[in-house]
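Observations on the model geometry
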Amino acid sequence: MATGFGGEVATYYARHRRGYPPEVLDALAAAFRLGADDTVVDLGCGTGQLTIPLADRVGAVIGMDPEPDMLAIARRTAVDRGTANATWVLGGDSDVPALSRLLSGGSVGALTVAVAIHFMDRDTLSEAARPLLRPGGGIAVVTNGEPLWTQDTEWSRALRGCLERMLGHPVMGRCQTDEAGRRRNREALVRAGYRYEETSVRYDAPLTVDDMVGGVFSAMSAEHLPSSWQRAAFAADVRDALGGVEVVTERVTVRLQCGILGS
């Protein structure tokens, strides 16, 4: 799993990435029958957008990420919110076998992976997670909507145009949130012998220009982050392209792809 999302990028991530509505937590709890006796591992946890609310549903959560700055923010956020059952571990998908040796076999109710799945070797991860998981537990790949610059709305097209002007080239990346990416997730889980289920949660939410701009910068590695004056110019360009509109409505579809071990 790649890193490079430290420093200011981690701060943008914490401030501007969406969290998850309660319905997503409900769906995860139902899929794996999660309860107070369960531990959940959130791999590629970032700044804890999924890890911390999951802590309210289970006995313990382990947030695992290869970027120290992400983990530092996640830990501070957990402390500020009074979350006492979260542990933060530096590591990525290649460290899952070592995690299996540290934890007692078959003790984990679920391993969740959100937007970081496209950095991982899906087949290797699906196999490596099996010794961790209890019967009825499994892996959940959670896709938290589409990238802001790829959506089929007027504001998204305006944002994409501004982003392409700043970068000087077309922007095509979807972070594997499209059907092709979801198919890769599904096929890896099925090949590894999990029972596959998929569900989705849809909701509308306000999206500010600050969150649009910050969301773009949260998706860049630190080495590709533009200079401060370029970022300011980009923000001004977005506001101009939107005609002074400061808040739009984003229609978000959260997709949950669950691989469940036999009971």
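Scroll up to find the structure this text is about.
When helices and strands are counted, the protein chain shows 10 helices and 7 strands. Over its C-alpha trace the protein chain gives a radius of gyration of 18 Å, about what one expects of a compact globule, namely 18 Å for 263 residues. Principal axes of the C-alpha set define a box for the protein chain whose edges measure 55 × 35 × 30 Å. For the protein chain, buried positions account for 51% of its 263 residues. Here the contacts in the protein chain between residues at least 6 apart in sequence split such that 81% fall between residues at least 24 apart. Surface summary for the protein chain: the accessible area is close to 11800 Å², and the carbon and sulfur share equals 51%.

Moving on: the packing of aromatic side chains. A full pass over the atoms with the stated rule returns 3 aromatic pairs. For the pair Phe-5 and Phe-119, a centre-to-centre distance of 5.7 Å together with 55° between the ring planes defines the contact as tilted. Of this pair, Phe-5 sits in the segment before α1 (8-16) while Phe-119 is found in the loop between β4 (108-113) and α6 (122-129), placing the two residues 114 residues apart along the sequence. Assessed through its relative accessible area of 17%, Phe-5 is described here as buried. Judged by its relative accessible area of 32%, Phe-119 is partly exposed. Their ring planes at 50° and their centres at 5.3 Å tell us that Tyr-12 and Phe-217 sit as a pair that is tilted.

With that settled, consider the pattern of salt bridges. Two side chains that carry opposite charge are able to pair once their charged atoms sit near each other. Under the criterion given, the structure shown has 14 salt bridges. Residues Arg-18 and Glu-250 are paired through a salt bridge, measuring 2.9 Å at the closest nitrogen-oxygen approach. Here Glu-250 lies in strand β7 (residues 247-260) and Arg-18 lies in the loop between α1 and α2 (22-32), a separation of 232 residues in the sequence. Looking at Glu-250, the relative accessible area reads 5%, which means it is buried. One continuous salt-bridge network, built from bridges that share partners, spans Glu-179, Arg-182 and Arg-186.

So, about the sheet that holds β7. What the 7 strands build is an open sheet, ordered β3-β2-β1-β4-β5-β7-β6; its pairing is mixed. For this open sheet the edge positions go to β3 (86-90) and β6 (195-208), each flanked by a neighbour on one side alone. On average, each strand axis in the sheet is tilted by 20° relative to the strand beside it, whichever way the strands run. In the packing of α6 onto the sheet, the strands contacted are β1 (39-43), β4 and β5 (133-144), and the crossing angle to β5 comes to about 150°. Against the sheet, helix α9 (residues 209-218) touches β6 and β7, its axis set at about 130° to β6.

Right, let's get into the nonpolar core. Core analysis: the biggest nonpolar cluster contains 33 residues, and Tyr-20, Leu-28, Phe-32, Trp-88, Val-142, Val-254 and Leu-256 have the highest contact counts within it. Of all the secondary structure elements, the ones that give two or more residues to this core are α2, α3 (51-54), α4 (68-80), β3, β5, β6 and β7. Per element, the largest residue contribution to this core is 6 residues, and it comes from α2. Among all residues touching Val-142, those that are not within four sequence positions of it are Tyr-20, Leu-28, Leu-50, Val-113, Ala-114, Val-115, Val-254, Arg-255 and Leu-256.

Now for the pairing of β3. Consecutive side chains along a regular strand alternate between the two faces of the sheet. Relative to β3, strand β2 (residues 60-65) runs parallel, the two being bridged by 5 bridges. If you follow Val-61 over to β3, its bridge partner there is Ala-86. Handedness of the β-α-β unit built from β2, α4 and β3 comes out right-handed.

What follows is about the side chain of Asn-185. With respect to the helices and strands, Asn-185 occurs in helix α8 (residues 179-191). The class of Asn-185 is buried, set by a relative accessible area of 3%.

Burial in α2 covers these residues: Val-24, Leu-25, Leu-28, Ala-29, Ala-31 and Phe-32. In a view along the axis of α2, the buried residues occupy a sector of 165°, so they form one face of it. Turned more than 90 degrees away from the buried face of α2, the exposed residues are Pro-22 and Ala-30. Contacts from the buried residues of α2 go to α3, β4, β5, β6 and β7. Directly after α2, the chain includes Arg-33, whose backbone phi takes a positive value near 50°.

About the criteria used
Residues numbered from 1 in each chain as written. Predicted model: local features only at pLDDT ≥ 70, side-chain atom pairs only at ≥ 80, totals over all residues. Heavy atoms only, no water. Helix = DSSP H or I, 4+ residues; strand = E, 2+ residues; numbered from the N terminus. Rg over C-alpha atoms; globule rule 2.2 N^0.38 Å. Buried < 20%, exposed > 50% of the residue type's maximum accessible area, 1.4 Å probe, protein only. Contact = heavy atoms within 4.5 Å. Areas by Shrake-Rupley, 256 points an atom, 1.4 Å probe, with all protein chains shown as cover. Phe/Tyr/Trp six-rings, centres within 6.5 Å; stacked < 30°, edge-to-face > 60°. Salt bridge = Lys/Arg side-chain N within 4 Å of Asp/Glu carboxyl O. Pairing = 2+ DSSP bridges. Axes fitted to C-alpha atoms, helices over the stretch in contact; angles between N-to-C directions. Core = buried A, V, L, I, M, F, W, Y, C linked by side-chain atoms within 4.5 Å. Right-handed = clockwise from strand over helix to strand, strands pointing away. Arc of directions from axis to C-beta.

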